[in-house]
Amino acid sequence: MTTNPSSSTTRRGPFGFWTGMQLWKQIFIALALGLVLGVVLNRTGNAGFADGIKPIGDLFIRGIKMLTVPLIFVSLVSGVTSLQDLATMGRLGIKTFVLYLGTTAIAICIGLGLAVLFKPGIGVDIGAGMAKHAATATTEPGITDTLLGLVPTNPIEAFANGNVLQIIVFAILLGMAIVLAGDAAKPVKRFFDAAAEVMYKLTSIIISFAPYGVFALMTWVAGSYGLDLLASLAKVIAIIYVGCVIHALLVYGGMVRFVGRLNPVRFFQGSIEQIIVAFTSTSSSGTLPVTMMSTERNLGVSRRVSSFVLPLGATINMDGVALYQGVVAVFIAQAYGIDLTTSQFLTIALTSTLASIGTAGVPGAGLVMTSMVLSSVGLPLEGIAIIAGIDRILDMARTSLNVTGDCAVACLVARSEGELDQIAYDTPHVLKAETIFTSQEKA
């Protein structure tokens, strides 16, 4: 029996609206439904029913855990081996790499600082008993032990134990070795590139089940703890947005003004097009054509610099995600009643900074990075469900910050290399909406 293709979109059955809906909308609806059902169960004394739904969420969490080690390893190796321009472009590549990782480290510190200052998770008290038990069972290692622990004595053991930081360090070193080996290592590079694509596809499959996992876990959380989470979620959103604004104005604006000796007002005016597209599309890669066009036209960055710095930024510059990780990690720790130690704060900062190299372009990168950061300091992954429903709102801010950082680094590198057109930079432009949206469609 044949069907009419033109009418097939109107015959999707009673659940067609759901299957045709964007994933972030599905997750948001699942969160809302889980919250409502959980509150109803909590108020009616049927919280035990929520416990029966929780295994569905646990299955999703296990899928996320399954991804963490192989995804980090192959994507990091593939990402590092793609930086072969570092050998041929010398100073250009080194400056770009250092600036991106440096601003990412600052971003995670801002996120951690704001979360510690405003305490969004205090008062939630999820799993306090379990958390206290875990806290008394662990001792804080010294800074020297933490730094020495970055290098695995046995990489296989690091994989088996899921030691995230050691896996990251081993992957970076292996990627550098592949680059240095040259032509002889090209088959190995192609293998890791292909393996990374396979892991990206597997990640997209697992993330597609996020609405069901979020619904189950949110039903369980709300059924067990009621409405106490709502105020904390609003606090998380506010803290992350404020943090992104602070990072953009003080860090990027300060770098442009004092390092590049350029007008920061003109910088933000010249970046507004790509910031708008990033905010609406929540995709650094999808915004890249607009970013390159606008950075060259409005900010005077040469094609040679923009063609290297900006694609690299879409790969490794995750300032917004790093800031988000800091806030979320502290929020979940506070919600579970866990007091983070100095070494755990350092581990969160290092994990978020180093992991930013290998998680770009992954569907649901925020959730995957969150699971990785939480795992690195032993925080409960179930806390992801609380954040997943508002992830789209948070993604808009962090993607805009990522793209703003790409533009700032491009300007600084171009300025230091004598490849910035000062006249073009200093010339105000008029925002043309039709240009933005035409470029977005092409992307």
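Nothing here was measured: the structure is a model prediction, and the numbers come from that model.

Comments concerning the overall build of the protein
For the protein, the count of helices and strands is 23 helices and zero strands. Counting over 443 residues, the protein shows a buried share of 52%. Contacts in the protein between residues at least 24 apart in sequence constitute 85% of all its contacts with a sequence separation of at least 6. Carbon and sulfur atoms make up 66% of the accessible area of the protein, which amounts to about 19600 Å² in all.

Description of the confidence of the model for the protein
Chain-level statistics for the protein give a pLDDT mean of 78 and a share of 79% at 70 or above. Here helix α7 (residues 128-137) stands out as the least confident element of the protein, with mean pLDDT 39; helix α13 (residues 230-259) is the most confident, with 90. When the criterion is pLDDT under 50, residues 1-14 qualifies, and its contacts beyond four places in sequence or with other chains add up to two contacts. Within the model, pLDDT remains below 50 along residues 430-443, and this stretch shows 18 contacts once partners closer than five positions in the same chain are excluded.

Quick notes on helix α10 (residues 164-181)
Here α10 is 18 residues long and its end C-alpha atoms lie 26 Å apart, about the 26 Å a rise of 1.5 Å per residue gives. Of the positions making up α10, those classed as buried are Val164, Leu165, Gln166, Ile167, Ile168, Val169, Ala171, Ile172, Gly175 and Ile178. Two residues or fewer after α10 comes glycine 182, characterised by a positive phi angle close to 70 degrees.

Quick look at the pattern of salt bridges
Tallying each qualifying case throughout the model produces six salt bridges. In this structure, the salt-bridge partner of glutamate 273 is arginine 297, at a minimum N-O distance of 2.5 Å. Highlighted residues: glutamate 273 in helix α14 (residues 264-281) and arginine 297 in helix α15 (residues 284-299), separated in sequence by 24 residues. Assessed through its relative accessible area of 0%, glutamate 273 is described here as buried.

Conventions used here
Residues numbered from 1 in each chain as written. Predicted model: local features only at pLDDT ≥ 70, side-chain atom pairs only at ≥ 80, totals over all residues. Heavy atoms only, no water. Helix = DSSP H or I, 4+ residues; strand = E, 2+ residues; numbered from the N terminus. Buried < 20%, exposed > 50% of the residue type's maximum accessible area, 1.4 Å probe, protein only. Contact = heavy atoms within 4.5 Å. Areas by Shrake-Rupley, 256 points an atom, 1.4 Å probe, with all protein chains shown as cover. pLDDT = per-residue confidence, 0-100. Expected span 1.5 Å × (residues − 1). Salt bridge = Lys/Arg side-chain N within 4 Å of Asp/Glu carboxyl O.

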